[in-house]
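Close look at the chain arrangement
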Amino acid sequence: VQLQASGGGLVQAGGSLRLSCTASGNIFSGNTMGWCRQAPGKQRDLVATITSGDSINYLDSVKGRFTISRDNAKNTVYLQMNSLKPEDTAVYYCNVKWAFRRSYEYWGQGTLVTVSS
C-alpha cells in the first residue's frame, strides 16, 4: 500500500489550502483515512479522520476551519483548510488504516504547509 499526498505550500494567514492523498494497492474497503500533522519540535497530532461510512472526527483546534472528505472510488482523502493560522504550520501526513484479522496502518510521505503571519 502506498499513499501519495499533495497540495501543501506557503499561504498567508487567513488563506486556504486543499490537501489530497491517494492510496494505492490492496486496501480493505472498510477503512479509516485521515490526516496528522507535526510541527518542528512538537509531537504528531491527529487532525482529522473519516471512515468509509463518512464518520468524521476533528482536532478541536481545527473544528469549523478544516473539512475532511473522501472519494471511496478513488481511495482519496481530502483536507480543505480554511482560515489558516501560523500555528497550523506543520508537515501534514495522510494515513489509511483498517483491522481485518490484524491491524494495518500505512502513512504517506508528508506535505509541508507553511502559514505566514
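One structure accompanies this document, and this report is about it. Being a predicted model, the structure only gives us computed values, none of them experimental.

Cut-offs used in this document
Residues numbered from 1 in each chain as written. Predicted model: local features only at pLDDT ≥ 70, side-chain atom pairs only at ≥ 80, totals over all residues. Heavy atoms only, no water. Disulfide = S-S within 2.5 Å. Helix = DSSP H or I, 4+ residues; strand = E, 2+ residues; numbered from the N terminus. Buried < 20%, exposed > 50% of the residue type's maximum accessible area, 1.4 Å probe, protein only. Pairing = 2+ DSSP bridges. Axes fitted to C-alpha atoms, helices over the stretch in contact; angles between N-to-C directions. Polar contact = N/O pair within 3.5 Å; in protein donor to acceptor, adjacent residues only side chain to side chain. Contact = heavy atoms within 4.5 Å. Salt bridge = Lys/Arg side-chain N within 4 Å of Asp/Glu carboxyl O. Phe/Tyr/Trp six-rings, centres within 6.5 Å; stacked < 30°, edge-to-face > 60°. Lys NZ or Arg CZ within 6 Å of the ring centre and 35° of its normal.

Details of the state of the cysteines
Applying the stated rule across the entire model yields one disulfide. Disulfide pairing is shown between Cys21 and Cys94; the S-S distance is 2.0 Å. For the disulfide bridge between Cys21 and Cys94, the dihedral angle about the S-S bond is near 55°, and by the sign convention the bridge is right-handed. Of this pair, Cys21 sits in strand E3 (residues 17-24) while Cys94 is found in strand E9 (residues 90-100), placing the two residues 73 residues apart along the sequence. Neither Cys21 nor Cys94 differs from the other in exposure class; each is buried. For Cys36, which is in no disulfide, the shortest distance to another cysteine sulfur is to Cys94 and amounts to 9.6 Å.

Quick look at the sheet that holds strand E7 (residues 66-71)
What the four strands build is an open sheet, ordered E1-E3-E8-E7; its pairing is antiparallel. In this open sheet, the two edge strands, each paired with only one partner strand, are strand E1 (2-6) and E7. Neighbour to neighbour, the strand axes of the sheet diverge by 15° on average, direction disregarded. Here six bridges tie E7 to strand E8 (residues 76-81), and the two strands are oriented antiparallel to one another. For Phe66, the partnering residue across the bridge sits in E8 and is Met81.

Quick look at the side chain of Thr111
Along the chain, Thr111 turns up in strand E11 (residues 111-116). A polar contact is formed between the side chain of Thr111 and the backbone nitrogen of Gly8, at a distance of 3.1 Å. Apart from residues lying up to four places away in sequence, Thr111 is in contact with Ala5, Ser6, Gly7, Gly8, Leu19, Ala90, Val91 and Tyr92.

Structural notes on the pattern of salt bridges
A complete count under the given rule lists three salt bridges for this structure. One salt bridge in this structure joins Lys63 and Asp60, with 3.0 Å as the shortest N-O distance. One network of salt bridges, in which partners are shared, links Arg37, Arg65 and Asp88.

Section: the packing of aromatic side chains
Evaluated as defined, the whole model comprises three aromatic pairs. Between Phe28 and Phe100, the ring centres sit 5.3 Å apart and the planes meet at 25°, which makes this aromatic pair stacked. Taken together, the positions of Phe28 in the loop between E3 and strand E4 (32-38) and Phe100 in strand E9 put the pair 72 residues apart, joining distant regions of the chain. A relative accessible area of 33% means that Phe28 is categorised as partly exposed. Here Trp98 and Tyr104 contribute two aromatic rings whose centre-to-centre distance is 5.3 Å and whose plane-to-plane angle is 20°, an arrangement assigned as stacked. For Trp98, a relative accessible area of 10% gives the class buried. Residue placement shows Arg44 over the ring face of Tyr93; its charged tip is 3.9 Å from the ring centre. In this arrangement the basic side chain of Arg102 is found over the ring face of Tyr104, its NZ or CZ atom lying 3.8 Å from the centre.

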